[in-house]
Amino acid sequence: MWRPPLLGLTRLLLASGMLGCGSLVDLEDFDPIPPLSDLDLTAVNPALPCEYWELREGFGGPPDPDSRDRVIGRSGSRQELDLEVVAALDTLHLQHGVGNRCLPGYCFLYIASVRESEIEVWSSAAAWAVFFGVIDRPEEAVLLAAAHDYYWGGAKETGAIKAVADGYELVVLKTVRFCDSVQVDRFVLHVSASGAVTVKDSEVWSKEGGVCI
């Protein structure tokens with residue numbers, strides 16, 4: 001199950017009443033962002049057509065059969081791929097990717113796609129923008145925000161999206177300080193059709209002194 005960074009810290013802040021509750025944006029016209037594992041990846045329209053692609057979570061370090069990179073979601077069917085390609089996907093293991101996840105540990109996201117029986121790996125925010133091409137689906141905007149280290153919670157206050165004339169607006173979170181204080185800010189982002197991610201507004205959402213992650 002997907003775990004946003006600082007989940008334990010967020011619970012602590014909720015319990016202590018320190019979680020922010022600002023009025024950064026009117027959320028009436030926004031829709032909630034589902035968990036990463038619940039995104040409909042079949043709605044994504046890659047710029048370069050491919051037979052199959054996976055959103056994966058990697059953990060770095062030496063390859064370990066007991067902790068293989070995890071498939072979070074997929075578009076297409078593995079059953080239609082050559083057996084050699086499936087075997088290569090099963091053993092695919094990266095050291096780095098996108099997204100600031102699993103704090104205080106380290107894990108990341110990347111995309112593996114199959115086109116003409118060749119596996120291509122997309123492991124940077126710039127590469128994801130190329131893979132998606134024109135951002136004309138909310139799922140693409142959400143994934144691109146994740147590639148830039150943003151994440152979201154289960155309520156609209158911490159994870160929301162709406163379509164606008166020139167792309168999408170998102171309400172998301174990001175950890176901006178990691179040690180004394182640990183600080184999470186809430187952001188209003190604009191993700192343009194061309195894949196540019198810009199900050200429209202932000203506020204401190206939670207802050208905890210005397211700790212590091």
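A brief report on the enclosed structure follows. Because the structure is predicted, anything quoted here is derived from the model rather than measured.

### What about the packing of aromatic side chains?
At step 1: Overall, the coordinates contain 7 aromatic pairs when judged by the stated rule.
At step 2: Ring geometry for Phe108 and Tyr110: centres 6.2 Å apart, planes at 35°, overall tilted.
At step 3: By relative accessible area, which is 0% here, Phe108 ends up buried.
At step 4: Taken together through their ring pairs, the aromatic side chains of Trp53, Trp122, Trp128, Phe131 and Phe132 make up a single cluster.
At step 5: Lys174 extends its terminal NZ or CZ atom over the ring of Tyr150, reaching a point 4.6 Å from the ring centre.

### Concerning the pattern of salt bridges
At step 1: This structure, assessed with the given rule, holds 8 salt bridges.
At step 2: Salt-bridge contacts for Lys200 lead to Glu169; the nearest nitrogen and oxygen are separated by 2.5 Å. One end of the pair, Lys200, is in strand β10 (residues 197-208); the other, Glu169, is in strand β8 (residues 167-178), and 31 residues separate them in sequence.
At step 3: Exposure remark for Glu169: the relative accessible area of 10% places this residue in the buried category.
At step 4: The network of salt bridges with common partners includes Glu54, Arg56, Arg78 and Asp90.

### Focus: the sheet that holds strand β1 (residues 31-32)
At step 1: What the 5 strands build is an open sheet, ordered β1-β7-β8-β9-β10; its pairing is antiparallel. What marks the edges here is a single partner per strand, and that holds for β1 and β10.
At step 2: Bridge count for strand β9 (residues 182-192) against β10 is 10 bridges, and the pairing is antiparallel. Across the sheet, the residue bridging to Leu189 is Val199, located in β10.

### As for the pairing of strand β6 (residues 118-122)
Working note: regular strand, side chains alternate between the two faces of the sheet.
At step 1: Relative to β6, strand β5 (residues 107-115) runs antiparallel, the two being bridged by 5 bridges. Residue pairing for β6: Val114 is matched across the bridge by Ile119.
At step 2: With antiparallel pairing between neighbouring strands as the criterion, β5 and β6 make up a hairpin whose turn holds 2 residues, including Glu116 at a positive phi of roughly 55°.

### Things to note about the nonpolar core
Nonpolar side chains tend to gather and get buried jointly when the protein is soluble and globular.
At step 1: Within the largest apolar cluster, 35 residues are counted, with the highest numbers of intra-cluster contacts made by Leu55, Trp128, Phe132, Leu143 and Leu170.
At step 2: The element best represented in this core is helix α4 (residues 138-147), accounting for 7 residues.
At step 3: Setting aside residues no more than four positions away along its own chain, Leu55 makes contact with Leu36, Leu41, Arg70, Val71, Ile72, Gly73, Tyr110, Ile111, Trp128 and Leu143.
At step 4: In terms of nonpolar packing, the next biggest core, distinct from the first, is built from 11 residues, Val85, Leu89, Leu92 and Val114 among them.

### Side note on the packing of helix α3 (residues 125-132) against α4
At step 1: Packing of α3 against α4 leaves a shortest axis separation of 9 Å and a crossing angle of 165°. The pairing of α3 with α4 is recorded here as roughly antiparallel in orientation. The handedness of the crossing between α3 and α4 is right-handed. Of the residues in α4, those touching α3 at Ala125, Trp128, Ala129 and Phe132 are Glu140, Leu143, Leu144 and Ala147.
At step 2: Looking at the contact of α3 with α4 residue by residue, the classes come out as 7 nonpolar, no polar and 1 charged.

### Looking at α3
At step 1: When you tally the buried positions in α3, you get 6 out of 8 residues, the bulk of the element.
At step 2: Residues Ala125, Ala127, Trp128, Ala129, Phe131 and Phe132 constitute the buried set of α3.
At step 3: Contacts made by the buried residues of α3 are with β2 (52-58), β4 (98-101), β5, β6 and α4.
At step 4: Directly beyond the C-terminal end of α3, a positive phi value near 70° is found at Gly133.

### Let's talk about unusual backbone geometry
A negative phi angle characterises most non-glycine residues, just as the trans form characterises most peptide bonds.
At step 1: A cis geometry characterises the amide bond from Leu103 onward to Pro104, with omega recorded as 10°.
At step 2: Structurally, Pro104 can be placed in the loop between β4 and β5.
At step 3: Here Asp180 and Ser181 are connected by a cis peptide whose omega angle stands at 10°.
At step 4: Relative to the assigned elements, Ser181 resides in the loop between β8 and β9.
At step 5: Positive phi values are uncommon outside glycine, yet Glu116 reaches one of about 55°.

Criteria and thresholds
Residues numbered from 1 in each chain as written. Predicted model: local features only at pLDDT ≥ 70, side-chain atom pairs only at ≥ 80, totals over all residues. Heavy atoms only, no water. Phe/Tyr/Trp six-rings, centres within 6.5 Å; stacked < 30°, edge-to-face > 60°. Buried < 20%, exposed > 50% of the residue type's maximum accessible area, 1.4 Å probe, protein only. Lys NZ or Arg CZ within 6 Å of the ring centre and 35° of its normal. Salt bridge = Lys/Arg side-chain N within 4 Å of Asp/Glu carboxyl O. Helix = DSSP H or I, 4+ residues; strand = E, 2+ residues; numbered from the N terminus. Pairing = 2+ DSSP bridges. Core = buried A, V, L, I, M, F, W, Y, C linked by side-chain atoms within 4.5 Å. Contact = heavy atoms within 4.5 Å. Axes fitted to C-alpha atoms, helices over the stretch in contact; angles between N-to-C directions. Parallel < 35°, antiparallel > 145°, perpendicular 65-115°, else oblique. Left-handed = near helix turned anticlockwise from the far one by under 90°. Nonpolar A, V, L, I, M, F, W, Y, C, P; charged D, E, K, R; others polar.

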